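Reading the structure
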Amino acid sequence: MNWFLLGTRVLEIVLLAFVATGAIPVVVGAYSFLLIPLHAIRNHYSRAAPYFPRVAIVVPAWNEGAVIATSIDRLMALDYPLDRLRIYVVDDASTDDTPRVVTAKAKQYPGSVFHLRRNKGGEGKAHTLNHGIRVVLEDDWMQALLIMDADVIYLPNSLRRMTRHFADPRVGAVSAYVREGSADKNYLTRYIGLEYVLSQPASRRAHNVLGAQACLAGGAQLHTRENLLAIGGRIDTSSLAEDTITTFETQLRGHRVVFEPHAVVLAEEPGSIDALWKQRLRWARGNVTVTARYRKVWFRPSRTHRLGSISFGLIWFSLYLLPIAMILSSIGLIGLLLMHSNLATVVFRALWILAACTYIFMLGLGAQLDWGISRHAWREVLTFPGVISMFIMLTAFFPGLVERQIPAMFDVKFTQEGLFAFTEFIYTWIPLSMLGAVLARRVEKTRIGRFLAPAMIYLVGYGSLLCAITLDSYLKELQRAEAKWDKTEKTGRVVI
Amino acid sequence: MTRRAELPEPKDRRNPGEAFLAREIDDNRRAEFWLIPKTFLSLAIVAALIVLREVFKL
C-alpha cells in the first residue's frame, strides 16, 4: 500500500469536507427562503380576529430627551381605543431632560401616560423593563404588554394588527416588522434597512411557517399577561440577549410566537461602523449565551414547541457558525489548490455558483418584499455580498470571461504564475473580506474615513462586516471579556 | 376575478368596527398570496442566469 497516496487521499477528503461546510449555510439560507411562499397558506390570519385587549406600553428610557416626546405623541395617536392604552415610561436615572419631558407628557395625557423613575440606572434595558413590568403587574388592568424602545415609531395601525393575533389563546407573543426609518440615510443605514427586510418580512415569515421564532424584535414585542406571568413576570437579566431568551421561554412553555409583517414600526439604526459593531457585538454575544443555555433544546423535536425541529436548528446554527464555515471553506480550497488537486477548481465553481444563485434568489425575493426600502437601497441590493465577492461569483459562473476574454480586451494574458496568484486570492477572499471589514472600522475614525470606510464596505460586503462582528463575539467570549450594556445612541432621526 | 375595492377609511379610527377589522385581516391574508409569484420571479432570474451560462459557455 502506498501510504503517501493514501495520506494524500485522506487529506483531500478532509479538505473537501471543509469546503462543504461553506455550502451548508448557503443551502440552508436558500431552504429558509423557499419556505417564504408557504406563508401564503401557513399563516396565522385564519385564527386572527378583531380584538382590543387593554395594552400597557413599557418604554425604557435613558437620556431619551431628544426622542421621547415624539414617541409618546405617536403612541397616543395610535389607532387604538384610548381607554385601552396606557404608557409607562421607565426613566432609567436619566441625566438629561427626559424626566421633565415625560412629566409634562403625563400632565398632557392624564391617566394614560405615567412617569416611573429609577434612581439607580445603567444596569441595562432588561432591569429597566422589569421596573415597569413590576408596576403594571400590580393590578389586573393590563391584559397585554407592549415592550418597545423609546426611539421607535409605530405606524398608526400597527398595534391593532398585532393584538388581533391574541384572539387565538395559543398565542403568547407577537412581533412587528421593525423597519429602518432614519430620515438622513447613509450607506450603512441603507444596508441595515435591507438586512432588516431579509431578516424580518423574509426570514420571520419562514419562521412563522416552521412554527418557531428565533427572536421577538426588542423594539416591538407584545405579550399576553398570561404569557408574561408564565415566563416569570420579568425579563431575563443574566445575558445581553433578553429578547431572544424571552422568545425562547415563551415557546418552551407551549405558547406560540407570531411575526406580523403588516404591523410596521420604524426605528433609527446606527449610522457608523463603530456604533453598529458595538450593537451587533452585544447581540452576537447574547446569541452565544442563548446557544449554550438551550443546548438541550437543539435538534430535539418536542410536542410542546418547534424550537427543537431539525429545520429550525439548521437555520440557527447556520447563522451562528457562519464565519467558521466560511473560513473552513477557504482553508479547504487553498489546501486543495496547494495540493494541485483537480478538485479545487470544480468545488470552487460549485460553491460560488451555489452562493451566487442563492444570493440572487434571496436578494431578488427580499427586494420585492419592501419596495420602499429596495428603491432607496438599490446600490446596497446589488452590492450586498461586496463588489469583490460579486466579481468572484462572475469568475465562477463565467471563468473564460474573467480569465481570458476580459484580459484579452486589454491585450494582456494571465501567466501561469499570475493565474495561480489570482486563484489564491479569490480562494482566500472570504477571510480577507472579514479583515477588510475590521480595517474599515479602524479607517472610519480617521480623517479620510468618511469616504474610505463606505468604499471599503461596498468592496468587502455588508455580509462580511456582520461575519467579522460574529467572529469578534466568539473571541470576546473565549477571552471572557466583560459583557456590558452599550446603549446605541439615538438622535430622533426617524420619520414616517 | 374582480378586484376587491380598497378598504375605506373608518369614521372612527380608534374604533373602526368589527367589519372593517375583519376585512383588514382578510386583505392582509390575501396579500400573502403575492409571495408565490414573487418567489417564482426570483427563481426565474436565477434560472435565466444558469441558461445564460450554459448557452454562452463563457
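Thoughts on the overall build of chain B
- Summing up its helical and strand segments, chain B has 2 helices and 0 strands in all.
- Out of the 58 residues in chain B, the part that is buried amounts to 14%.

Description of the overall build of chain A
- The secondary structure content of chain A amounts to 20 helices and 8 strands.
- For a compact globule of 496 residues, the expected C-alpha radius of gyration is about 23 Å, and chain A comes in at 24 Å, within 12% of that figure.
- Dimensions of chain A, computed from the C-alpha atoms along their principal axes, are close to 80 × 55 × 45 Å.
- In chain A, buried positions account for 50% of the 496 residues.

What about helix α3 (residues 98–108) of chain A?
All names here are of chain A.
- Of the positions making up α3, those classed as buried are Thr-98, Val-101, Val-102 and Lys-105. Relative to the axis of α3, the buried residues are bounded by an arc of 95 degrees and lie together on one face. Exposed residues lying more than 90 degrees from the buried face of α3 are Arg-100 and Lys-107.
- Buried residues belonging to α3 abut β1 (55–61), α2 (68–76), β2 (85–92) and β3 (113–118).

Overview of the nonpolar core
Residues and elements named next belong to chain A.
- Within the largest apolar cluster, 141 residues are counted, with the highest numbers of intra-cluster contacts made by Ile-57, Val-58, Val-59, Tyr-88 and Val-265.
- By residue number, the principal contributor to this core is helix α12 (residues 343–369), which donates 14 residues.
- Discounting chain neighbours no more than four positions away, the residues touching Val-59 are Ser-71, Ile-87, Tyr-88, Val-89, Val-90, Met-148 and Ala-150.

A few points about the pairing of strand β7 (residues 220–224) of chain A
All names here are of chain A.
- For β7, the tally of buried residues reaches 5 of 5 residues, placing the bulk of the element in the interior.
- What you see with β7 is no split at all: Ala-220, Leu-222 and Thr-224 on one side and Gln-221 and His-223 on the other are buried throughout.
- Sheet topology places strand β4 (residues 144–148) next to β7; 5 bridges connect them, and they run antiparallel. If you follow Ala-144 over to β7, its bridge partner there is Thr-224.
- In the sheet, strand β6 (residues 171–180) pairs with β7 via 3 bridges, with the strands oriented antiparallel. If you follow Val-174 over to β7, its bridge partner there is Leu-222.

Considerations on the sheet that holds β3(A)
Residue and element names in this part refer to chain A.
- What the 8 strands build is an open sheet, ordered β3-β2-β1-β4-β7-β6-β8-β5; its pairing is mixed. Strands at the two margins of the open sheet, each flanked by one partner only, are β3 and β5 (153–154).
- Inspection of the sheet shows β1 paired to β2 by 7 bridges, in the parallel sense. Paired with Val-59 across the bridge in β2 is Val-89.
- Set on the sheet, α3 makes contact with β1, β2 and β3; between it and β3 the angle comes to about 150 degrees.

Some points on the packing of helix α9 (residues 273–293) of chain A against helix α20 (residues 462–478) of chain A
Residue and element names in this part refer to chain A.
- At a minimum axis separation of 8 Å, α9 and α20 run at an interaxial angle of 55 degrees. On the basis of their axis angle, the class for α9 and α20 is oblique. As α9 packs across α20, the resulting crossing turns out to be right-handed. For the pair α9 and α20, the contacting residues are Trp-277, Arg-280, Leu-281, Ala-284, Arg-285 and Val-288 in the first and Leu-466, Ile-469, Thr-470, Asp-472, Ser-473, Lys-476 and Glu-477 in the second.
- Class assignment for the residues of the contact of α9 with α20 results in 6 nonpolar, 2 polar and 5 charged.

Some points on the interface of chain A and chain B
- Each partner contributes residues to the interface: chain A has 25 residues there, and chain B has 22 residues.
- For the side of chain A that touches chain B, the element with the most residues is α12(A), which contributes 6 residues.
- Broken down by class, the residue content of the side of chain A that touches chain B amounts to 16 nonpolar, 7 polar and 2 charged.

Things to note about unusual backbone geometry
Residues and elements named next belong to chain A.
- Non-glycine residue His-340 carries a positive phi angle of around 55 degrees.
- Relative to the assigned elements, His-340 resides in the loop between α11 (322–338) and α12.
- By the C-beta count within 10 Å, which is 8 here, His-340 ends up exposed.
- Although it is not a glycine, Asp-411 adopts a positive phi angle of roughly 60 degrees.
- Judged by the 6 C-beta atoms lying within 10 Å of it, Asp-411 falls in the exposed class.

Describing the domain arrangement of chain A
Residue and element names in this part refer to chain A.
- If you check the domain split of chain A, you get domain 1 (42–309) and domain 2 (319–478).
- The gap between the C-alpha centroids of domain 1 and domain 2 is 34 Å.
- Domain 1 puts 23 residues into the contact, and the matching count from domain 2 is 26 residues.
- If you list the elements that add at least two residues to the side of domain 1 that touches domain 2, you get α6 (187–210) and α9.

Here we look at the pairing of β3(A)
All names here are of chain A.
- Bridge count for β2 against β3 is 6 bridges, and the pairing is parallel. By the bridge assignment for β3, Ile-87 is matched with Val-113.
- Following the backbone out of β2, through α3 and into the adjacent parallel β3, one traces a crossover that is right-handed.

Notes on the confidence of the model for chain B
- For chain B, mean pLDDT is 88; residues scoring 70 or higher make up 84% of the total.
- Model confidence for the complex is summarised by a pTM of 0.91, with the ipTM given as 0.90.

Examining the environment of Ala144(A)
Residues and elements named next belong to chain A.
- With respect to the helices, strands and loops of the structure, Ala-144 is situated in strand β4.
- Between the C-alpha atoms of Ala-144 and Arg-225, which are 81 residues apart in sequence, the distance is 5.2 Å.
- Among all residues touching Ala-144, those that are not within four sequence positions of it are Pro-53, Val-55, Thr-163, Phe-166, Leu-222, His-223, Thr-224 and Arg-225.

As for the confidence of the model for chain A
- Here chain A shows a mean pLDDT of 92. Residues at 70 or above account for 97%.
- Mean pLDDT across the elements of chain A bottoms out in helix α16 (residues 399–409) of chain A (84) and peaks in helix α5 (residues 158–163) of chain A (98).

Quick look at α2(A)
All names here are of chain A.
- Every buried residue of α2 is accounted for by Ile-68, Ser-71, Ile-72 and Leu-75. With its buried residues spanning 95 degrees around the axis, α2 presents them on a single face.
- Elements that come into contact with the buried residues of α2 comprise β1, β2, α3, β3 and β5.

What about the environment of Ala61(A)?
Residue and element names in this part refer to chain A.
- Position of Ala-61 among the secondary structure elements: in strand β1.
- For Ala-61, a count of 28 C-beta atoms within 10 Å puts it in the buried group.
- Placed 67 residues apart in sequence, Ala-61 and Thr-128 show a C-alpha to C-alpha distance of 8.1 Å.
- With sequence-adjacent residues up to four places away left out, Ala-61 is seen in contact with Ile-68, Val-89, Val-90, Asp-91, Asp-92, Ser-94, Thr-98 and Ala-150.

What counts and how
Residues numbered from 1 in each chain as written. Chains lettered and ligands numbered in written order. Predicted model: local features only at pLDDT ≥ 70, side-chain atom pairs only at ≥ 80, totals over all residues. Helix = DSSP H or I, 4+ residues; strand = E, 2+ residues; numbered from the N terminus. Buried ≥ 20, exposed ≤ 12 C-beta atoms within 10 Å, placed from the backbone. Rg over C-alpha atoms; globule rule 2.2 N^0.38 Å. Arc of directions from axis to C-beta. Contact = placed C-beta atoms within 7 Å. Core = buried A, V, L, I, M, F, W, Y, C linked by C-beta atoms within 7 Å. Pairing = 2+ DSSP bridges. Axes fitted to C-alpha atoms, helices over the stretch in contact; angles between N-to-C directions. Parallel < 35°, antiparallel > 145°, perpendicular 65-115°, else oblique. Left-handed = near helix turned anticlockwise from the far one by under 90°. Nonpolar A, V, L, I, M, F, W, Y, C, P; charged D, E, K, R; others polar. Domains from an automatic or database assignment. Right-handed = clockwise from strand over helix to strand, strands pointing away. pLDDT = per-residue confidence, 0-100.

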